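Structural characterization, general
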Amino acid sequence: MIGQPVNRVDGPLKVSGRATYAYEYWDAGQPLYGCIVGATIGKGRITRIHTENAERAQGVRMVMTHQNVPVQGVRDESVQFEYWRAQPVLTGPDIHYHGEPVALVVAATFEQARAAADLLDVEYTVGRGRFAFAADDDEAYIPKVVNAGLPTDTAVGDFEAGFRAAAVRVDQRYTTPYEFSMPMEPHACLVEPRGEDLVVHVSSQIVDAAQTSVAATLRMAPERIHIVTPFVGGGFGSKLGVHAETILAALAARVLGQPVKVALTRQQIFQLVGMRPTSSQRVRLAAGRDGKLTAIAHDVTMHTNPDLEFAEQTAATTRSLYAAPHRLTSHRLTPLDLPRGADVRAPGEAPGLLAVESAVDELAHALGMDPIEVRIRNEPTVDPERDVPYSDRHLVDCLRDGARRFGWEHRPATPASLREGRWLVGYGMSAAIRGHFQGPTAVQVRLEADGTGVVRTDMTDIGTGTYTILTQVVADGLGLPADRVRVELGRSGLPTSWGSGGSWGAANSCAAAARACAALREKVLVAACGDADSPLHGRDPAGAHFGDGSVRIDGAEGASQALGEIVARHHPEGMEAQGEIRFMGDDPNYSDYSIHTYGAHFAEVGVDADTAEIRLRRMLGVFSVGRVLNPKTARSQLIGGMIWGAGAALEEEAVVDSRSGAFVNRDLAQYLVPVHADVPDVEAVILDGYDDKANLLGAKGVGELGICGAGAAVANAVFNATGLRVRDFPITIEKLLPGLPDVDA
Ligand code: MOS
């Protein structure tokens, strides 16, 4: 079953509305509704909050502000990953960013809560905020580490000398805007007090993080917090940790002794869950006339919130992508009074490859060389900065296969030379690379006396297909038909996983499940072969085969026994085994090898010769991700990422009002993302593969690879169509129009 394009096992539940999401639980009884009130200034201090009118309004049960909020835990920087730390809210009168929660109004109905929230009167003294980003800001500082614990700076060889000496040089600055995760299901939470405990129905990517974080914030024992998140309507990083809606719902539920639910509005998502930092990236590439890189530098400056540091690892994969003897990477942070930066799909690679893979295209143009050829000539034999072998690198295979499928030979070698009617047509390509991560994950697999298999882990399914791939792995592992396997996810109390994020979820949970199956097969064989009444008695378990719900051992004559029968005879309560995957830091493969996934993106665009309207015509991605668990769900992840990449190239941009620090386009009417009409033809192809260094299944992450480099392929196609290079993303009409070539001249 592994590797088959199995339909989502949870699909029928979702399309029939029977998959229950965090905000939708009713078995807790009639809940109260909380409405978050946000600051209307970007920096300053609350001088007074008049709560009386709101408190007197119909149905209102509570107005919680910094003046009456229960004591909360503080952020503990010694906790390694921020999503496991306390996330206190309403911590005082100071305002740190526009929209920061200043109150929660709780009422009997949503409408009453919202109406009362409007009656809240907050007086501020407005401080002088810093809201405008500048790359050369004097206040830029050097963070200790960047996201995921990666080093801030690296240097190999003598970059300056290498750069100076080269025949061909590119030295350009690229900027990327603030970008937001926008899951279809808003961040939402329903908290039900149960005795001393809290049952927290929340939309979350990592159950363990949510439990630990809520407990630390409310200063409760973690075992008193019960996280329930079986279905999650998208995450993209913004649900790795919990946010104000969860903490406020929990605080209010505890104070009132009643269920309370709070959801962010779409506009509040643009304020309260963090965003991809804006970046300015200087990329310097130097090469000989043969196209061989001699020097690579990638220097990144980003915004950060002054109190909640976040340094996106934007230059991290530049350390691994191409060979060159002289290399530099760096990350700098400029503090601004804006919401914190946060993980957004492919943190680091998404904006980083937009810049670097544009620069490689610029280098190819300067060399007069095909951009694929330039990349192939700079293919490293070992990881150029870590000096360790690659576990399984197939970038060149992806480039060659993609070129053939896409018809790359039809690309006009000269920019702005292909015209079809009113359209200037261009082809672009880019490499894709993404780090592969592994986190501590436990999965329990059970066999019931009726012969069904049960998979249990607190892993989440954020729409990616976890239920389905775990079904496949365990169906394979125990020799059961898929409809005899049941998967339980997304609840604290189940074996602890690292959840969904960093594209690690599928590989972690499936490898742990495969290990659990191996241990369980062993137990089944010990029981059956040692049972005088079993047809398998005395046979050599080494020859056992699990299939069709039975175990068979071939000997002089074949013998088999149904799994359910074995379980019923020996452990009528069920047989179980647990499989575990270690943290990558404790797994020597992750220090001895450079473990990544790869791909090649291809895009064709048309640019209107008169209006500069840019239309994406088609995209192709060819990827190498180790073994594919399910090509249908994997493809869905990849094309989603590619479309997001196209959006980053052409559309997405959250704009800050530099007077107030507010995001002015904070809704999906004004914050543009690709819609169907923007996405004509996108295909993702996955090469057969198996990375034996990654884990026992040979599988690596898929979810974030699709976005990596996808935008650069589109940007490079725009250059090929027009001869214009826009380095300030997104590439919009007004940036292209002034330079558009006069093709009729
Ligand atoms: Mo991903 S940005 O780790 O959900």
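What counts as what
Residues numbered from 1 in each chain as written. Predicted model: local features only at pLDDT ≥ 70, side-chain atom pairs only at ≥ 80, totals over all residues. Heavy atoms only, no water. Phe/Tyr/Trp six-rings, centres within 6.5 Å; stacked < 30°, edge-to-face > 60°. Helix = DSSP H or I, 4+ residues; strand = E, 2+ residues; numbered from the N terminus. Buried < 20%, exposed > 50% of the residue type's maximum accessible area, 1.4 Å probe, protein only. Polar contact = N/O pair within 3.5 Å; in protein donor to acceptor, adjacent residues only side chain to side chain. Contact = heavy atoms within 4.5 Å. Axes fitted to C-alpha atoms, helices over the stretch in contact; angles between N-to-C directions. Parallel < 35°, antiparallel > 145°, perpendicular 65-115°, else oblique. Nonpolar A, V, L, I, M, F, W, Y, C, P; charged D, E, K, R; others polar. Patch = residues over 30% accessible without salt bridge, like charges linked within 9 Å, V, L, I, M, F, W, Y side chains within 5 Å. Areas by Shrake-Rupley, 256 points an atom, 1.4 Å probe, with all protein chains shown as cover. Salt bridge = Lys/Arg side-chain N within 4 Å of Asp/Glu carboxyl O. Lys, Arg positive; Asp, Glu negative; His and termini not counted. Charge placed at Lys NZ, Arg CZ, Asp CG, Glu CD. Pairing = 2+ DSSP bridges.

Identification of the protein as Oxidoreductase from Streptomyces kronopolitis is taken from an unreviewed UniProt entry.

As for the packing of aromatic side chains
Under the counting rule described, the total for this entry stands at 18 aromatic pairs. Aromatic pair F180 and Y671: ring centres 6.3 Å apart, planes at 80 degrees, arrangement edge-to-face. Here F180, found in the loop between β10 (168–176) and β11 (188–194), pairs with Y671, found in the loop between α16 (631–650) and β29 (682–686); they are 491 residues apart in sequence, far enough to count as distant. When its relative accessible area of 2% is taken as the criterion, F180 is described as buried. We classify Y671 as buried; its relative accessible area is 0%.

Some thoughts on the side chain of R725
Mapped onto the secondary structure, R725 falls in the loop between α17 (710–722) and α18 (733–736). What makes R725 buried here is its relative accessible area of 15%. In terms of polar contacts, R725 uses its side chain to reach the side chain of N716, at 2.8 Å. Among residues more than four places away in sequence, those in contact with R725 are S358, D361, E362, A715, N716 and F719.

Overview of the packing of helix α13 (residues 505–529) against helix α14 (residues 563–570)
At a minimum axis separation of 10 Å, α13 and α14 run at an interaxial angle of 70 degrees. In terms of axis orientation, α13 runs roughly perpendicular to α14. Contacts from V524, A527 and A528 in α13 reach L563, I566 and H570 in α14. Looking at side-chain class alone, the contact of α13 with α14 contains 5 nonpolar, 1 polar and no charged residues.

Concerning a negative patch on the surface
On the surface, a cluster of negative charge is contributed by E52, E55, D121 and E123. At the level of elements, α2 (52–56) and β6 (121–126) are the ones that each hand at least two residues to the negative patch. Mapped onto the secondary structure, E55 falls in helix α2.

Re the pairing of strand β17 (residues 326–335)
For β17, a buried count of 7 out of 10 residues is recorded, marking the element as mostly surrounded by other parts of the structure. In this sheet, β17 lies alongside strand β9 (residues 154–156) in antiparallel orientation, the contact comprising 3 bridges. Counterpart to T154 in the pairing with β17 is T329.

A look at the sheet that holds strand β22 (residues 485–488)
Strand order in the open sheet made by the 4 strands is β22-β21-β20-β26, with mixed pairing throughout. Each edge of the open sheet carries a strand with a single partner, namely β22 and β26 (575–581). Averaged over all pairs of adjacent strands, the angle between their axes in this sheet comes to 20 degrees, without regard to strand direction. Direction of pairing for strand β21 (residues 453–456) relative to β22: parallel, over a ladder of 4 bridges. By the bridge assignment, G453 is partnered in β22 with V485. α13 contacts β20 (441–447) and β26 of the sheet and is inclined by roughly 145 degrees relative to β26.

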